[in-house]
Amino acid sequence: MTATTEPQPSGAFEPKIAAFVCNWCTYAGADLTGTSRIKYPSNVRVVRLPCTGRIDFMLLLKAFARGSDGVIVSGCHPNDCHYTSGNYHARRRWMVFRDLLDFTGIDTRRVTFAWVSAAEGAKWAELVAQVTEQVRELGPHTDYQALAAAGVE
Amino acid sequence: MEELRQKARQLLESGAVKVVVGHAQGTGGKRRAHFARTAAEADALVHDDGCWQNLANYLTKPEVKKLGKAAIVAPPAVLRSLLQLGAERQLREDEVVALAPGAGGAVRTLSSLAEVEEHVATLPDQLPAADRAELDRLAAMSAEQRRAFWAEQLERCVKCYACRSSCPMCYCERCTMDCNRPQWVPAASHGLGNFEYHVVRAMHLAGRCVECGTCGKSCPLGIPVHLLTIFAEESVRRQFGQKGGASAKPDFAMSTFRPDDKETFIR
């Protein structure tokens, strides 16, 4: 486990955002953001997975344990899944998991779910900018990092 | 109690079942699981408020299956467990006879899952008042208070896995908790390992939990772990209208979907 708050030239807190995205829509969408020369914050670390249906809820907890201050999960819009129904299954999972996170006291504002298609490069840039700003206001995820620090094996 | 013993004796004497799973007097005034294989052993069966263990847990164990067809003393939570196990293809339609104790010591014999389902539909479905009150108390807290509550509770967990062992729905022969290549959930009982374990357990039981509360009662440290699974189960019911243990027909909320599932948070 690494310390989360890297020293910044300005000394200000820079949030780390882990983004779990599907290969077919959001990853391509984020690619389009780049090829369209749209600027967005460099705080996001993109992890490409085959489908939102592949994104295990534990990946989000692992991201927090490894020092993420916020998490984005994004994939194809409903009805657009490359595997027909992966995003529908994922949606159900997030509906329950988000509830459970809230019940265990994790701030759900640190977890953002979105549908970003391969054509929505601008939406991706806007999403990352909004999430980065929100997590910056929330500050470092110190509660979870303290929990994770206690678990160094 | 007499009617229960008598029905158990009859089932064993007629050879309809080979074993009756119930409770008997244990040590220290407690009740323990009892496997009556003869009519004489059936006389030791008891059923009262002290019998909280969910005995459906035993029905999927190879040691118990080996004994032959079983009958089980089945209060409502156990009946629901039977249905859920049936829905998950762990019990066949006529593999088990349920002896359902009702008011005034009367006992109903239910000899198929279809009969169990019919009977369960007539039963009131309510959480124990103490659990309801505790869930409401937690719901009224701020997220920060809830975090502190669970941090304090789960810190005490020693990962004995009694909650997993006592649950009839945790029948997997290889549990993800036991996989160590890779070690997905930390095995040690520190804050992170405990938190991840209990979240995984709740997620794996969402839509399947019958809310018997046995996991919480089994915890040697008195951690209310059953609140996590009951919360996840209620979340499923509220959002998808599906419920664990309502039917022996496969209807698992988390392995299906509706195109019009409604959420409020996906951007």
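Owing to the predicted nature of the structure, the values given are computational and were not obtained by experimental measurement.

(A) Quick look at the overall build of chain A. The helix and strand tally for chain A stands at five helices and four strands. Along chain A, from the amino end to the carboxyl end, the secondary structure elements read β-α-β-α-β-α-β-α-α. The C-alpha radius of gyration computed for chain A amounts to 15 Å, which stays within 12% of the reference 15 Å derived for 153 residues, consistent with globular compactness. Each of the three principal axes of chain A carries a C-alpha extent, and together these read 40 × 35 × 25 Å. With 153 residues in all, chain A has 50% of them scored as buried.

(B) Just the pairing of strand β6 (residues 107-110) of chain B, in detail. Residue and element names in this part refer to chain B. In terms of strand pairing, strand β5 (residues 96-101) meets β6 through four bridges, oriented antiparallel. Following the sheet pairing, Ala 100 is matched in β6 by Arg 108. From the end of β5 to the start of β6, which pair antiparallel, there are five residues, and Gly 104 there has a positive phi angle of about 70°.

(C) Structural view of the pairing of strand β4 (residues 111-115) of chain A. Residues and elements named next belong to chain A. Within β4, five of the five residues are buried, which leaves the element mostly enclosed by the surrounding structure. Here β4 shows two buried faces, one formed by Val 111, Phe 113 and Trp 115 and the other by Thr 112 and Ala 114. Sheet topology note: the strand β3 (residues 70-75)/β4 ladder contains five bridges and is parallel. Within the sheet, the bridge partner assigned to Gly 75 lies in β4 and is Trp 115. In terms of handedness, the path from β3 via helix α3 (residues 86-103) over to β4 forms a crossover that is right-handed.

(D) Highlighting the domain arrangement of chain B. Residues and elements named next belong to chain B. Each assigned domain of chain B is listed with its residue range as follows: domain 1 (2-121) and domain 2 (129-255). Each partner contributes residues to the interface: domain 1 has 17 residues there, and domain 2 has 19 residues. Sorting elements by how many residues they give to the side of domain 1 that touches domain 2 places helix α4 (residues 76-87) first, with eight residues. Here the side of domain 1 that touches domain 2 is composed, by residue class, of seven nonpolar, eight polar and two charged.

(E) Structural view of the interface of chain B and chain A. Each side of the interface is counted separately: chain B has 35 residues, and chain A has 34 residues. Of all elements in the fold, only α7 (143-155), α9 (191-205) and α11 (226-240) of chain B reach the threshold of two or more residues within the side of chain B that touches chain A. A total of nine residues in the side of chain B that touches chain A trace back to one element, the largest contributor, which is α9 of chain B. For the side of chain B that touches chain A, the class distribution of residues is 23 nonpolar, five polar and seven charged.

(F) Region of interest: the sheet that holds strand β1 (residues 17-22) of chain A. Residues and elements named next belong to chain A. Sheet architecture is open: four strands sit in the order β2-β1-β3-β4, paired in parallel fashion. Taken across any chain shown, the strands that pair with only one partner, and hence form the sheet edges, are β2 (44-49) and β4. The sheet shows a mean angle of 20° between the axes of neighbouring strands, direction not considered. The strands touched by helix α1 (residues 26-35) are β1, β2 and β3; relative to β1, the strand with the most contacts, the crossing angle is about 115°.

Reading the values: rules and limits
- Residues numbered from 1 in each chain as written.
- Chains lettered and ligands numbered in written order.
- Predicted model: local features only at pLDDT ≥ 70, side-chain atom pairs only at ≥ 80, totals over all residues.
- Helix = DSSP H or I, 4+ residues; strand = E, 2+ residues; numbered from the N terminus.
- Rg over C-alpha atoms; globule rule 2.2 N^0.38 Å.
- Buried ≥ 20, exposed ≤ 12 C-beta atoms within 10 Å, placed from the backbone.
- Pairing = 2+ DSSP bridges.
- Right-handed = clockwise from strand over helix to strand, strands pointing away.
- Domains from an automatic or database assignment.
- Contact = placed C-beta atoms within 7 Å.
- Nonpolar A, V, L, I, M, F, W, Y, C, P; charged D, E, K, R; others polar.
- Axes fitted to C-alpha atoms, helices over the stretch in contact; angles between N-to-C directions.

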